[in-house]
Amino acid sequence: MAMIDEPLYPIAVLIDELKNEDIQLRLNSIRRLSTIARALGEERTRKELIPFLSENNDDDDEVLLAMAEELGVFIPYVGGVEYAHVLLPPLETLCTVEETCVRDKAVESLCRIGAQMKENDLVDWFIPLVKRLAAGEWFTARVSSCGLFHIAYPSAPEMLKTELRSIYSQLCQDDMPMVRRSAASNLGKFAATVEPTHLKTDIMSIFEDLTQDDQDSVRLLAVEGCAALGKLLEPQDCVAHILPVIVNFSQDKSWRVRYMVANQLYELCEAVGPEPTRTDLVPAYVRLLRDNEAEVRIAAAGKVTKFCRILNPQLAIQHILPCVKELSSDSSQHVRSALASVIMGMAPVLGKDATIEQLLPIFLSLLKDEFPDVRLNIISKLDQVNQVIGIDLLSQSLLPAIVELAEDRHWRVRLAIIEYIPLLASQLGVGFFDDKLGALCMQWLEDKVYSIRDAAANNLKRLAEEFGPDWAMQHIIPQVLEMINNPHYLYRMTILHAISLLAPVMGSEITCSKLLPVVINSSKDRVPNIKFNVAKVLQSLIPIVDQSVVEQTIRPCLVELSEDPDVDVRFFASQALQTSDQVMMSS
Amino acid sequence: MLRVGSNLFLKMIPHGNGIVGAPPPLEWKFSQVFGERAAGEEVQEVDIISAIEFDKSGEHLATGDRGGRVVLFERTDGKDHAFRKDKEKMDHAIAWHPEFRYKTEFQSHEPEFDYLKSLEIEEKINKVRWCQTANGALFLLSTNDKTIKYWKVQEKKVKKICDMNLDPSASVGNRRLVGPIGVGTDFVFPPGGFPSLHLPVQIIGHETNLLPRCRRVYAHAHDYHINSISNNSDGETFISADDLRINLWNLEICNQSFNIVDVKPVNMEDLTEVITSAEFHPTHCNTLAYSSSKGTIRLIDMRQSALCDTHAKLFEEHGTPGSRSFFTEIITSISDIKFGTDGRHILSRDYMTLKLWDLNMESRPVATFQVHEYLRPKLCDLYENDSIFDKFECCLSGDGLHVATGSYSNLFRVFGTVSGSNEATTLEASKNPNRRQAQTPTKPSRSFTSLTRSRRRGADVLSADANGGVYDFSTKLLHLAWHPTSNVLACAAANSLYMYYANVPQNDAQ
């Protein structure tokens, strides 16, 4: 046992704990791997630490995950880029473990290191590693190899390039679906590094194999590849090779594949250009919007705005809008809900006339939907319609919808609409708000559910900020203060909470003249909970009001409360007193 | 015996040299027993085996028991694959067969209590299913009534750590490094590092430890009791089925599952049918089958819709109207279904029969095998002592030429599926499996109902049949499994695991 100098003691502990039985300590050491490496120096890190870590591959997943992450940024500690290859062996073993997140992290770190390595180092070290993994006995190694080709390929000499392409193509035909899935999902990245000539031949044939795979899960991922590949190809090649595939996919037997197409389609439109979009992709999209499977319609409906944006308005009105009309009365509430969340965005695309003529009736029917999520989704995007047609046309239908949501029996729905009130207020303006919504905001303060009362108090604060203290003085403060006489202590507590939120917005003068007296009065309440909340509110008012007010009003009240029979009241009162002491001392 | 024959299996007969017709019946021999009971020893409830399954390669066998334990067995002729495959390929009978040895065991489930529903959750393992092997570690799913667990069993070399920087006996608790070193302090790392520091040395021993670890827990997704779990051929998903619903899981995600089948009626009083078993197709990732208490099997195509409440195919045999009795509904309930490895056939077990279905024929099974027809007159007794609700499992041989299932008195039966085969062997789960074969009644026995009915419940577990054989309803062989590549059967008789093997007998015609 060597003697360790006192300053090195913590590092010695850190090193020893790499092998501690407690996983937390091992994790801690691994996270500080860079410290250990610096303490050992670059050379010993290369010769001792890295081999040591390579053997450490049967540790718990959490430790392996941390190790995979640390090694990704370890180049400076082994002596710079020319020694980067020493980091590959431990990461190679981590690429073969069966826990997916560890493998993914190891692949990520390998890519990060590979991207910095010199070209001939890549050929000497990185490419052989990729080949070893791709020929691995267990599927885990082969799965990992797929994510490394895009780093290995560009620096490979011609012969090796041919070999790498053929290895990749073998991986796409692996017996294990997991390997094929990994190959399919990494195809886009790999294809981006392949020369155009090979792209059209090798990669396209790989791609075609994947699109005909037996496993739905593989075909699904091939769909994702469509958009990525489409962007790499010339438009005419894309039309010739990708377009037929995507049109086929849009009629695949498996709804999950069609679902993926629905999510990806608009990206493909960009790749193929306007004419094929009109002739092939618009009909495909229309089919998806009318799919038998609700999940597919949900995905398609959610993309309707994005899709329309890349079409010209005429096509959108002619082909998409009729579908949108159908979807607005779809049998699945989730489809309607997905539509409602994006449909407002169509207004700028279609222009004012079409919006008023065609979209407005759809908005209105969705605003009357029996399913609250649908209505909420419309209301949440109100600002977008406002920009196109103005709020006036909508306001007639809007108010009943809001009122109904405000009184919905599910508190989560009420909560959602409260959170949109400030947005509505800014869109609708003071006038509309005073007439119709002011009363609602007060009503929520007396809701049966705490979360609603809490949100209502917050809402008042945000309204006061939106419309200013003068307006609040007229439309909020009197009503709120009146409610302090509510016979139920929980409602009185809500008011105290509202006061503490409003005070900073209203400013010192109104706080002193209107709010503070009410709070002080409440300190005489018979319920201890109110009293200690008074103490808390007073504490929050101290920074807002003048020192003299603190001295003359707040402190006497707190002193009184600090002698209360109730222990909690005394506790919060003395806490508030301490705060006021500190404020006084600092000023 | 009702046999609706077809020539479907002919192509699979290994002797391709012009013989048409049935191969000779398998001759079963005792191979091994694990946990054999000594005479007079009482069976502990927790030791009773409740699930059994070979892995896909046939290298391993897993059993689960009522005490929540999972026990793993491995082939003793383990590592030499090439040598063994040669042997397996040999057509002639040889005195060789796979043997297994105990590998390890672990406590998979513990008894729990659901405080919200005031419900006890038994630890009993309902099913075990093997998953894809990776890096030499074994993976399997086990489930009790509510919770599925994903296990990894890995061999770990015993390692010893020595040569630490600090004496491990010294207390280091309060000297641990807290802040970042070298940042904001005057601590400087010399370029060559500190030579006095060194890494601990690790000595890898020759011994290995088997380390079972629970990797994931899939909980809180079932309101009713889970009766089946089944892996998908895509290697990333599996299903779990309870009485009313089937959920789809991703192996890597344990906090989310998708309900794909829901047969729960809006009003539970309208409930007429429950799900009894569910299994994925062995190769088609989008096909699964589930059986019901009404004796039907539904085939589902997961491609059609996210919610698979409508079936692609419905397999149902319409009984002759005259033959209905009070028990008809109970005994038509299917207790287990299994796909054949070819993926074209489904084997189902109801109380009295095994049925083999061709996926291309929905109207009736291609073959029906009577398991214990002599019990038909005793259904009333079986109802009274609840035996009629016993859930017998069934299995197919890897080549699809044979099917097997259990019965009472620790008996099990093996049938040949080839058209024209009369193979119907009765074996007993004991060291002498063929003891009972001769006296198996072939004629329907006369009714003893009048005699037994007068007895008290519980006293009638022993019942004599017409030929004088005694049937013991308390010893039932519910769980058994067929080795995927060779004719080896593993049968669970209470707490004992019996293994039998059969060689294809010499065929004189060859």
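- The name an unreviewed UniProt entry gives chain B is Serine/threonine-protein phosphatase 2A 55 kDa regulatory subunit B, with Nelumbo nucifera as the organism.
- A UniProt comment under Sequence similarities (unreviewed entry) is attached to chain B, and it reads "Belongs to the phosphatase 2A regulatory subunit B family."
- UniProt annotates chain B under Function (unreviewed entry) with the comment "The B regulatory subunit may modulate substrate selectivity and catalytic activity, and may also direct the localization of the catalytic enzyme to a particular subcellular compartment."

- The Sequence similarities (unreviewed entry) comment attached to chain A in UniProt states, word for word, "Belongs to the phosphatase 2A regulatory subunit A family."

## A word on the overall build of chain B
Next up, step 1: Secondary structure summary: chain B contains 4 helices and 32 strands in total.
Next up, step 2: Across the 510 residues of chain B, 52% fall into the buried class.
Next up, step 3: Within chain B, counting contacts between residues at least 6 apart in sequence, those at least 24 apart form 59% of the total.
Next up, step 4: Entry remark: accessible area of chain B is about 23800 Å², with carbon and sulfur atoms responsible for 52%.

## Points about the nonpolar core
Next up, step 1: With 249 residues, the main nonpolar core has A:Leu49, A:Phe126, A:Ile246, A:Ile320, A:Ile343, A:Trp444 and A:Leu538 as its most contacted residues.
Next up, step 2: At 16 residues, helix α27 (residues 411-444) of chain A tops the list of elements feeding residues into this core.

## A few points about the sheet that holds strand β8 (residues 127-130) of chain B
Residues and elements named next belong to chain B.
Next up, step 1: Pairing in this open sheet of 4 strands is antiparallel, and the strands run β8-β9-β10-β11 from one edge to the other. Both outer strands of the open sheet, β8 and β11 (201-218), are each paired with one neighbouring strand and no more. Averaged over all adjacent pairs, the angle separating strand axes in this sheet is 30 degrees, with direction ignored.
Next up, step 2: Across 14 bridges, strand β10 (residues 148-162) lies against β11 in antiparallel orientation. When the bridges of β11 are listed, Lys-160 appears paired with Ile-203.

## Observations regarding the sheet that holds strand β3 (residues 60-65) of chain B
All names here are of chain B.
Next up, step 1: Reading across from one edge, β2-β3-β4-β5 is the order of the 4 strands in this open sheet, with antiparallel pairing throughout. A single partner strand is all that each edge strand has here, and the edge strands are β2 (49-54) and β5 (100-107). Across the sheet, the mean angle separating the axes of adjacent strands is 20 degrees when strand polarity is ignored.
Next up, step 2: For β2 and β3, the ladder comprises 5 bridges, and the chain directions are antiparallel. Bridged to Ala-51 within β3 is Gly-64.

## With respect to the interface of chain B and chain A
Next up, step 1: With 53 residues of chain B in contact, the opposing surface of chain A contributes 55 residues.
Next up, step 2: Summing both partners gives a buried area of about 5000 Å² for chain B against chain A, and 53% of it is carried by carbon and sulfur.
Next up, step 3: The tally of links between chain B and chain A comes to 7 salt bridges.
Next up, step 4: In this structure, A:Glu99 engages B:Arg215 in a salt bridge whose closest nitrogen and oxygen atoms are separated by 2.5 Å.
Next up, step 5: Remark: the boundary between chain B and chain A carries 21 residue pairs in polar contact (both at pLDDT 80 or more).

## Quick look at the side chain of B:His60
Residues and elements named next belong to chain B.
Next up, step 1: The residue His-60 is located in strand β3 in this model.
Next up, step 2: You can call His-60 buried: its relative accessible area is 12%.
Next up, step 3: Other than its neighbours up to four places away in sequence, His-60 contacts Glu-53, Phe-54, Asp-55, Phe-73, Glu-74, Phe-100, Lys-103, Trp-130 and Leu-138.

## Some thoughts on helix α13 (residues 177-193) of chain A
Residue and element names in this part refer to chain A.
Next up, step 1: Its 17 residues place the ends of α13 25 Å apart at the C-alpha level, agreeing with the 24 Å of an ideal helix rising 1.5 Å per residue.
Next up, step 2: Largest kink in α13: about 50 degrees, centred on Leu-187.
Next up, step 3: For α13, the tally of buried residues reaches 13 of 17 residues, placing the bulk of the element in the interior.

## Describing the pairing of strand β30 (residues 479-482) of chain B
All names here are of chain B.
Next up, step 1: Every second residue of β30 is oriented toward a common face, with His-479 and Ala-481 on one face and Leu-480 and Trp-482 on the other, all of them buried.
Next up, step 2: Where β30 and strand β31 (residues 488-493) come together, 4 bridges link them in antiparallel fashion. Bridge pairing in β31 links Leu-480 to Cys-491.
Next up, step 3: Hairpin remark: β30 followed by β31, antiparallel, with 5 residues in the connecting loop.

Reading the values: the criteria
Residues numbered from 1 in each chain as written. Chains lettered and ligands numbered in written order. Predicted model: local features only at pLDDT ≥ 70, side-chain atom pairs only at ≥ 80, totals over all residues. Heavy atoms only, no water. UniProt positions renumbered as here; feature names shortened; annotations may be inferred. Helix = DSSP H or I, 4+ residues; strand = E, 2+ residues; numbered from the N terminus. Buried < 20%, exposed > 50% of the residue type's maximum accessible area, 1.4 Å probe, protein only. Contact = heavy atoms within 4.5 Å. Areas by Shrake-Rupley, 256 points an atom, 1.4 Å probe, with all protein chains shown as cover. Core = buried A, V, L, I, M, F, W, Y, C linked by side-chain atoms within 4.5 Å. Pairing = 2+ DSSP bridges. Axes fitted to C-alpha atoms, helices over the stretch in contact; angles between N-to-C directions. Buried area = accessible area lost by both parts, 1.4 Å probe. Salt bridge = Lys/Arg side-chain N within 4 Å of Asp/Glu carboxyl O. Polar contact = N/O pair within 3.5 Å; in protein donor to acceptor, adjacent residues only side chain to side chain. Expected span 1.5 Å × (residues − 1). Bend = angle between axes of the 7 residues up to and from the residue.

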